[in-house]
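# Survey of secondary and tertiary structure
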Amino acid sequence: MSAVKFSIKICLIVALAISSYSYGATSNDLAPLLQLSQSRLNKTTFNAMPLNDNRSVQLSSSTWLTGLPSISLSYLGELDNSNIYEQEVSLNLPIKSFSLHQSDNQLKRLTSSLLEQQVALQKLYLSGLLRQSMWDYRIAFVKSNQLQRKASLLEKLYVQQKQLSNAGEFPKVNLLLLDRERVDIDLAQIELKQQQDEAMALFQSLTGLSEIPVNIEENGHNMAELDVQSTHGADVVLMQHPLWQLQSLQQQFQDVMMTSQQAGEQDPWTVSLTAKETAGDLANDQHLGVGISIPLGFGSALSQRELSVWQKDYQDQRINSERLYLELKNQSQKLLSQQHNLKKQQALLQRGVSLSRTITEDLAKVKDQNQMGYEIWLRRYMDALDTESRLVLNQVAQQQLHSQQLQALGISL
């Protein structure tokens, strides 16, 4: 077989390998992996104490009382031993005002929403770890396959060159050049094996599974439908981010608390039920009575110190919210820019593959004339294989970037 025909055959094999190794759209549902990770996390124990302690859920507050009822007892007697005495029993009930009852209902709703957002944030965090482990494994796996394909092609070339070298048609240095290329491949394979092992270890710690799904592409969310390219569309999507929602709810919670304190709603209405008896040698009187103490809502119940602390906390919350928004928006814009760049690279890589094949075929015609020509051809041949590998990896990188965009926008698996 001539060198030209052999080179053409090699290129055809490479082309077939690339076409058969592309990743298409899938309908795989990764949500069960997230549920499994949540279940394993909730069962995790530390020092024999469950991390998902449910005691906070069992806590409750009184509907109409701001505290515990109290009983006061008093006894008064004469000092001149005239057998006249007075005794009194009073039951005091700290009753919530109507405004405090309403603000407590608001706090209950906000607390429920806070718990929901904390669960959503946990899902997003686990989703990020799952995405990282699966895509790190996928990229290392694809790189390893590309190197294995490259090694296989070099092995075929090595066998052919060895036959020609044994026949005295080519110098043995050609075999050494091929051996050098294979050493680089073996070194790279060791690093990729380490990356695969680390990614698999993370995946196993999260799910307990020993195999990563074959189909990990997330095609349920279309970035065009999310409209993240427009400023308004990006704002709408980012406002649904669990971190943003959690911070917004915390701010609302503090506002309700401060408004309630400023209005004096924390001071209870005190209802007293009193029984009083006055007894002596000539008379014995018994009385029952009801008393109520209502704080007057004039001015502000906050001291200047409390007001200053609240104003400082409010400004800190506002700065943190602005910083969080800018960080989330900047991250999503970076990923969007990377997406455009990867698409541009895809077109250039396809053109580069075509040019590399043409150059390799042309150089193959003169590679047997001298040693320098052979080395140039081998280097161009390696560059052609590397370009084709970059084309495959670029396709995988675009799929990984889609998952990273979903993560940045706060969308869980």
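Above this text you will find the structure in question.
First, a word on what this report is: a plain description of the structure on this page. (Residues numbered from 1 in each chain as written. Predicted model: local features only at pLDDT ≥ 70, side-chain atom pairs only at ≥ 80, totals over all residues. Heavy atoms only, no water.)

Attention shifts here to the pairing of strand β5 (residues 269–279). Both strand β4 (residues 85–95) and β5 contribute to a ladder of 11 bridges, which runs antiparallel. Looking at β5, one finds that Ile-95 is bridged to Trp-269. Bridging between β5 and strand β6 (residues 284–293) involves 10 bridges; their strand directions are antiparallel. Paired with Ala-279 across the bridge in β6 is Asn-284. (Pairing = 2+ DSSP bridges. Helix = DSSP H or I, 4+ residues; strand = E, 2+ residues; numbered from the N terminus.)

The next thing to look at is helix α8 (residues 242–262). With 21 residues, α8 extends 30 Å between its outermost C-alpha atoms, agreeing within 8% with the 30 Å of an ideal straight helix rising 1.5 Å per residue. Of all the positions in α8, only Pro-242, Trp-244, Leu-246, Gln-247, Leu-249, Gln-251, Val-256, Met-258 and Ser-260 are classed as buried. (Expected span 1.5 Å × (residues − 1). Buried < 20%, exposed > 50% of the residue type's maximum accessible area, 1.4 Å probe, protein only.)

By size, the foremost hydrophobic cluster in this structure holds 18 residues, and its most contacted members are Leu-33, Leu-130, Met-134, Phe-203 and Ile-212. Within the residue set of this core, elements represented by two or more residues are α2 (31–42), α4 (98–166), α5 (173–207) and α10 (371–408). Ranked by the residues each element gives to this core, the list is headed by α4, at seven residues. Not counting residues up to four positions away in its chain, the partners in contact with Met-134 are Leu-30, Leu-33, Phe-203, Ile-212, Pro-213 and Ile-216. Judged by nonpolar contacts, the second largest core, of 14 residues, contains Ala-140, Leu-175, Leu-178 and Tyr-381. (Core = buried A, V, L, I, M, F, W, Y, C linked by side-chain atoms within 4.5 Å. Contact = heavy atoms within 4.5 Å.)

For the rest of this paragraph, the subject is the sheet that holds strand β3 (residues 70–77). Spatially, four strands are ordered β3-β4-β5-β6 in an open sheet, and the strand pairing comes out antiparallel. At either margin of the open sheet sits one strand with a lone partner, and together these are β3 and β6. Going across the sheet, the axis of each strand differs from the next one's by a mean of 15°, ignoring polarity. (Axes fitted to C-alpha atoms, helices over the stretch in contact; angles between N-to-C directions.)

Before going further, it helps to spend a moment on the environment of Gln-194. Structurally, the position occupied by Gln-194 is in helix α5. Taking relative accessible area as the criterion, Gln-194 reaches 43% and is therefore assigned partly exposed. Sequence-wise, Gln-194 and Ala-140 are 54 residues apart; in three dimensions their C-alpha atoms are separated by 9.0 Å.

In the contact formed by α2 and α5, the axes pass within 7 Å of each other and the chain directions differ by 70°. Between α2 and α5, the interaxial angle falls into the category roughly perpendicular. Along its contact with α2, which presents Leu-33, Leu-36, Ser-37 and Arg-40, the element α5 presents Phe-203, Gln-204, Ser-205, Leu-206 and Thr-207. When the residues that make up the contact of α2 with α5 are grouped by side-chain class, the tally is four nonpolar, four polar and one charged. (Parallel < 35°, antiparallel > 145°, perpendicular 65-115°, else oblique. Nonpolar A, V, L, I, M, F, W, Y, C, P; charged D, E, K, R; others polar.)

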